Amino acid sequence: MPKSAQSTPFSQAVAFFASVRLSVTLLLVLAATSILGTLIPQDLAAEAYIHQYGQGWFRLLRFLGLTDMYRSWWFQLILLLLAVNLLVCSLKRFPGTWYYVRHKPKGFEPGRFRSLKQHCEFTASKPAGQIMDAYAALVSRRFPKPILAQTDKGFTLFAEKGRASRLGPYVVHLGFLGILFGGLIGSVWGFKTHANLPEGETLSVVRVEGEEGHRPLGFALRCDDFNITYYDQEKGRKGRNLRPKEYRSTLTVLEDGTPLFTKDILVNTPLRHRGVNIFQSSYGKTDPREVELSLENQKTGMTYPLTVPMGKTTPFPEGAGEFALEEYRDGFHIRGMDIGPVFILWTRPQGGEEDRSILPVNMPGFDKRRGGAFAINVVSYKQGEYTGLQITHDPGVGIVYTGFIFLILGCVATFYTSHKQVCLEAVEDGGGTRIVVAGRASKNKIGFARELDSLAKLLSEKGNGNSTPVCTGLTLE
Amino acid sequence: MESSYVLSITTFMYMTAAVLYAATWVFSFRRRTVGNIATALAVAGLAANTLGIALRWVESHDLGYGHAPFSNMYESCVLFSWTTVFLQLLFQRRFRVQSLGAVTLLLATLSLAYAALVTENEIAPLVPALQSNWLTAHVITCFLGYAAFAVGFGTSGLYLMKSAFGPVPAGGQPPAGGGFWAALPDLEVLDELTYQNIMFGFLFLTLGIITGSVWANSAWGRYWSWDPKETWSLVTWLVYATLIHVRLVRGWNGARIAWLSVAGFGAVLFTWFGVNLLLSGLHSYGG
Ligand code: HEM
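Conventions adopted
The residue numbering used here restarts from 1 in each chain and proceeds along that chain's sequence as written. In the order they appear in the text, chains get letters beginning with A and ligands get numbers beginning with 1. Only residues with pLDDT of 70 or above have their local features reported here, since the model is predicted, and side-chain atom pairs are shown and tallied only from 80 upward, although totals for entire chains, interfaces and linings are computed over all residues. In computing side-chain properties, one takes all heavy atoms of the structure into account and sets aside hydrogens as well as water. Secondary structure counts use DSSP, requiring at least four H or I residues in a row for a helix and at least two E residues in a row for a strand, with both numbered from the N terminus. In this setup the radius of gyration rests on C-alpha atoms only. A globule is expected at 2.2 Å times the number of residues raised to 0.38. Each residue gets one of three labels from its accessible area relative to the maximum for its type: buried under 20%, exposed over 50%, partly exposed in between, using a 1.4 Å probe on protein chains only. Only the protein chains shown count as cover for residues, and the accessible areas themselves come from Shrake-Rupley with a 1.4 Å probe. We treat Lys and Arg as the positive residues and Asp and Glu as the negative residues; His and chain ends play no part in the count. A single reference atom marks each charge: NZ on Lys, CZ on Arg, CG on Asp, CD on Glu. A donor here means an N, O or S atom no more than 2.8 Å from the metal, or no more than 3.2 Å when the metal is Na, K or Ca. Since water is not included, a site may seem to lack partners. Any site counts as irregular unless it has four donors with all angles between 85 and 135 degrees, making it tetrahedral, or four or six donors with opposite ones more than 155 degrees apart and the rest between 65 and 115, making it square planar or octahedral. Here, any two strands with at least 2 DSSP bridges between them count as paired. Any pair of residues with heavy atoms lying within 4.5 Å of one another is described as a contacting pair. Take the accessible area each of two parts loses on contact, using a 1.4 Å probe, and add the two losses: that sum is the buried area. Any Lys or Arg side-chain nitrogen found within 4 Å of a carboxyl oxygen on Asp or Glu counts as a salt bridge. The term polar contact refers here to a pair of N or O atoms within 3.5 Å; inside protein, the definition further demands a hydrogen-donor-capable atom paired with an acceptor-capable atom, and it admits residues adjacent in sequence only when both atoms are side-chain atoms. Three residue categories are used. Nonpolar comprises Ala, Val, Leu, Ile, Met, Phe, Trp, Tyr, Cys and Pro, charged comprises Asp, Glu, Lys and Arg, and polar comprises the others, including Gly. Note on definitions. A residue lies near a molecule or strand when any single heavy atom of the residue is within 4 Å of it. Expected helix span is computed as 1.5 Å times (number of residues minus one). Cysteine sulfur atoms are paired as a disulfide whenever they come within 2.5 Å of each other. As a rule, the C-alpha atoms of each element are fitted with a line to give its axis, helices using only the stretch in contact, and angles between N-to-C directions run from 0 to 180 degrees.

**Q** Even after reading the chapter, I still don't get the overall build of chain B, so can you show me in this structure?
**A** Scanning chain B from terminus to terminus reveals eight helices and zero strands. Computed over C-alpha atoms, the radius of gyration of chain B comes to 20 Å, within 12% of the 19 Å expected from 2.2 N^0.38 for 287 residues, which places it in the range of a compact globule. Dimensions of chain B, computed from C-alpha atoms along their principal axes, come out at roughly 65 × 50 × 30 Å. With 287 residues in all, chain B has 58% of them scored as buried. As displayed, chain B has an accessible area near 11600 Å², and 66% of this comes from carbon and sulfur atoms. Charge-centre separation for chain B: the mean point of 13 positive side chains lies 16 Å from the mean point of 12 negative side chains.

Here it is as structure tokens:
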């Protein structure tokens, strides 16, 4: 057989990208590789991988992109191929389908229906001429506008409905493409970041990973208040393992320095302004700014109260050198024991070497062991709270959501609407008329078999049929 | 009455129904009495199951933090047995497939037994992330999908059994008379039933993934983050999407489709249990 279409590289490429074999392969490859990313933990620090797999394996995993797989070039390539596959296939087939849907045939060939598996037979006692119009009316109740044709020994009827159901897959595929496209837009023009905002402070720019400098939000955001409530509080239960009920941040949006509005955000209730979304995501305590200390001369017992700012070098009394509180840590372990919050203390005695040690908040007298001229005790300090905010901007969400709707509607159309065709052939035979009703449906074959059965029963009754019709094809009895 | 008590009664009703369904099938009773008793028990069990879910809802309100009972493993098992039996009964009304009840009621029984024996059944208050109406929509759609896949697993299992060990139909006609194999629908019908279930399940899994995604976007500002549970639900979706394509476009049916359906249900089970048990993730049930 000579090839009708010339096989150019272009047509070969189109054929390759339009094939369902490719899409099935890609769907399975996507499934298999996605699994890989759930077995290998993603996006951890290098040390975590080295700890788990060892140096060599870690290098291999990183080389293959398996430590940040879903963003690796080859995973993105699979998604791209899938999109191209879908697009090429749809563009290639859509015109044909559209033509098929829009152009119902004017006539039909009964011969094509004779070989259908799903058919029912019975004999009507009335002659064909008498039942013809009644049958056409009956069929038209379920299948609109049947085509009636007279033959030498009887007549034929053809009817169909639901051609548009063939468009279902295109709607599904469009929806899926929309989701991929929206995702792409979001990853190119959107951003996601996290910011800790202490109570009373204001934020107007954010840092985005992989970007230099700061990105302006276009407005300012002030945290007025942050609160946690616990379930067990109401019952008077105390302890460490309280179960959180609500994280609530009161935020005020300001533009050009004037407050626009104030809103409380909760975990499932974000704030949205100018295309930027702000989500409640975590919380914590800010480091203290100032610490109230008491310094005791180890020889004379003389004590000095002193309030020092964090990180600032401060002279000891009596010219005994200088010190600074370098850092605050929420918890600290010594030989496996948790000693609670500590300050990291930097000291330099007069004429001595500088040194670092810890200053536990809850262990007064601990600093005596340092052996300095003065022992330091922490009297008090204040910590503010900060709210941890997830800040996102995603111009692709609208497209993704539209894709979702298409996907759902397309699935309903593809699965639950069907292109159905029925054909009835009546041939006069002796005194009566032999009737064959045959049909086919593009979906739900069992449901259609029933429809055909019941149609045949009705027709048989109308034509004073001999008995119940004999049906072949799918049956449940 | 306590919900856990009602649910343990439910378990026994389902178990008895499963045994009776199996008995009508194995012994091929002429009369339909036993099968009808099995169905009646399944209906009563479904009512008890409903009551159990409702009571648990009420109990959570009595504890002062009322929420729909769809928030942990225990509750998802209870919901799964409900949706599976519901679909079985719906199916039985439309098609004569009592024998299928032996498989589906067994799955429902196992799910409730697992819930009672293995999972934590304390009614816990919802952590902030779970306090959303999307939770209910998400869990119900997912589990309607899972249940349909479970019923589809049943029909494809029956298909594989019957096609491997059943009598070979002579000249396209199945052998006359009753018997073990005759109690099952024709192969062609089983094949079609599998596909019907898979379409239904696929639609609801799609809805489940979408509601979950919309929810994640309203709670955390990202609709997809490749966490293991999400990823496995996508894998499940892809397996069934493959099945739908090879059937619609390449005309596969019969044993090959049945095997794909079995594989798909394996993916469902892994998404539901395996991810929680074997993979370290941070999906919502954890908090
Ligand atoms: C996961 C994303 C999907 C991809 C990559 C994909 C890909 C494809 C491709 C390449 C074809 C062949 C071209 C064509 O016949 O038009 C096809 C056909 C088809 N797909 Fe999909 N598909 C996807 C999702 C779906 C879903 C979710 C459904 C179910 C509702 C579906 C239903 C169909 C149907 C019914 C056909 C046959 C169309 C026909 O005969 O005209 N597809 N798909």
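Past the structure itself, the notes keep going.
**Q** Please clarify how the coordination of the iron atom of the ligand should be interpreted in this entry.
**A** Ideal geometry at a metal centre gives angles of 109.5 degrees when four donors are arranged tetrahedrally and 90 or 180 degrees when six donors are arranged octahedrally. In the first shell of the iron atom of the ligand, the protein supplies H173 of chain A (NE2) and H245 of chain B (NE2), at 1.8 to 1.9 Å from the metal. With six donor atoms in place around the iron atom of the ligand and angles of 87 to 178° between them, the coordination shape is octahedral. Of this pair, H173 of chain A sits in helix α8 (residues 168-189) while H245 of chain B sits in helix α7 (residues 228-248), which puts the two residues in different chains.

**Q** What's the story with the pairing of strand β7 (residues 244-255) of chain A in this structure? I'm lost.
**A** Two faces, one strand: in a regular strand the side chains alternate between the faces of the sheet. All names here are of chain A. Across the twelve residues of β7, nine count as buried, placing the element largely inside the fold. Pairing between strand β6 (residues 215-230) and β7: ten bridges, direction antiparallel. Bridging across to β7, N227 finds its partner in R248. Judged from the seven bridges that link them, β7 and strand β8 (residues 258-265) form a sheet pairing that is antiparallel.

**Q** Whenever I open this one, the interface of chain A and chain B confuses me. Can you help?
**A** In this complex, chain A contributes 55 residues to the contact, which on the side of chain B involves 55 residues. Summing both partners gives a buried area of about 4900 Å² for chain A against chain B, and 67% of it is carried by carbon and sulfur. The largest share of the area that chain A buries against chain B comes from Y231, N268 and F415 of chain A, three residues that together contribute 13% of it. For the interface between chain A and chain B, the tally reads one salt bridge. Between E188 of chain B and K117 of chain A there is a salt bridge whose closest N-O contact spans 2.8 Å. Remark: the boundary between chain A and chain B carries seven residue pairs in polar contact (both at pLDDT 80 or more). Elements with a contribution of two residues or more to the side of chain A that touches chain B: α2 (20-39), α8, β7, β10 (276-285), β20 (385-393), α10 (397-416) and α11 (445-462) of chain A. Per-class residue counts for the side of chain A that touches chain B are 30 nonpolar, 13 polar and twelve charged.

**Q** For this particular structure, what's the right way to read the site of the ligand?
**A** Neighbouring the ligand are 20 residues; L86, C89 and H173 of chain A together with H245 and L248 of chain B lie closest to it. Neighbouring residues of the ligand are not confined to a single chain but are spread across chains A and B. Within the side chain of R93 of chain A, a nitrogen or oxygen atom sits 3.1 Å from an oxygen atom of the ligand. H173 of chain A places a side-chain nitrogen or oxygen 2.7 Å from a nitrogen atom of the ligand. Listed by contribution, the elements that provide at least two residues to the shell around the ligand are α2, α5 (73-102), α8 and α10 of chain A together with α7 of chain B.

**Q** Help me understand the pairing of strand β11 (residues 290-297) of chain A, please; the structure alone is not making it clear to me.
**A** All names here are of chain A. The two faces of β11 differ: V291, L293, L295 and N297 on one face are buried, but E290, E292, S294 and E296 on the other face are not. Here β11 runs beside strand β12 (residues 303-309); their pairing, made up of seven bridges, is antiparallel. For S294, the partnering residue across the bridge sits in β12 and is P305. Connecting β11 to the antiparallel partner β12 that follows it, the hairpin turn spans five residues, and G301 within it adopts a positive phi of roughly 80°. Where β11 and strand β19 (residues 374-381) come together, seven bridges link them in antiparallel fashion. Note on β19: the bridge partner recorded for L295 is I376.

**Q** Just checking my understanding: could you explain helix α2 (residues 33-62) of chain B for this structure?
**A** Given 3.6 residues per turn, any residue in an α-helix points the same way as the ones three and four places further on. In this model α2 of chain B runs 43 Å from its N-terminal to its C-terminal C-alpha over 30 residues, within 8% of the 44 Å that 1.5 Å per residue would give. Residue G64 of chain B follows α2 of chain B closely and has a positive phi angle near 95°.

**Q** Help me understand the side chain of T242 of chain B, please; the structure alone is not making it clear to me.
**A** Position of T242 of chain B among the secondary structure elements: in helix α7. For T242 of chain B, a relative accessible area of 4% corresponds to the buried category. Residues in contact with T242 of chain B, not counting those within four places in the same chain, are V24, L27 and L28 of chain A.

**Q** It is not clear to me how the state of the cysteines should be interpreted in this structure. Could you clarify?
**A** When the sulfur atoms of two cysteines share a covalent bond, that bond is a disulfide. Residues and elements named next belong to chain A. Throughout the structure, instances matching the rule amount to one disulfide over all chains. Paired by a disulfide, C120 and C471 hold their sulfur atoms 2.2 Å apart. Sign of the S-S torsion, about 105° for the bond between C120 and C471, identifies this disulfide as right-handed. Of this pair, C120 sits in strand β1 (residues 119-124) while C471 sits in strand β23 (residues 470-472); the two residues are 351 residues apart in sequence, bridging distant segments of the chain. Judged by its relative accessible area of 1%, C120 falls in the buried class. Take C471: its relative accessible area is 23%, and that puts it in the partly exposed class.

**Q** How do you make sense of the sheet that holds β6 of chain A when you look at a structure like this?
**A** The pairing of strands in a sheet happens through backbone hydrogen bonds and is either parallel or antiparallel. Residues and elements named next belong to chain A. Strand order in this open sheet of four strands is β5-β6-β7-β8, and the pairing throughout is antiparallel. Of all the strands in the sheet, just β5 (202-206) and β8 have a single pairing partner and so form its edges. On average, each strand axis in the sheet is inclined to that of its neighbour by 30°, with strand direction left out of account.

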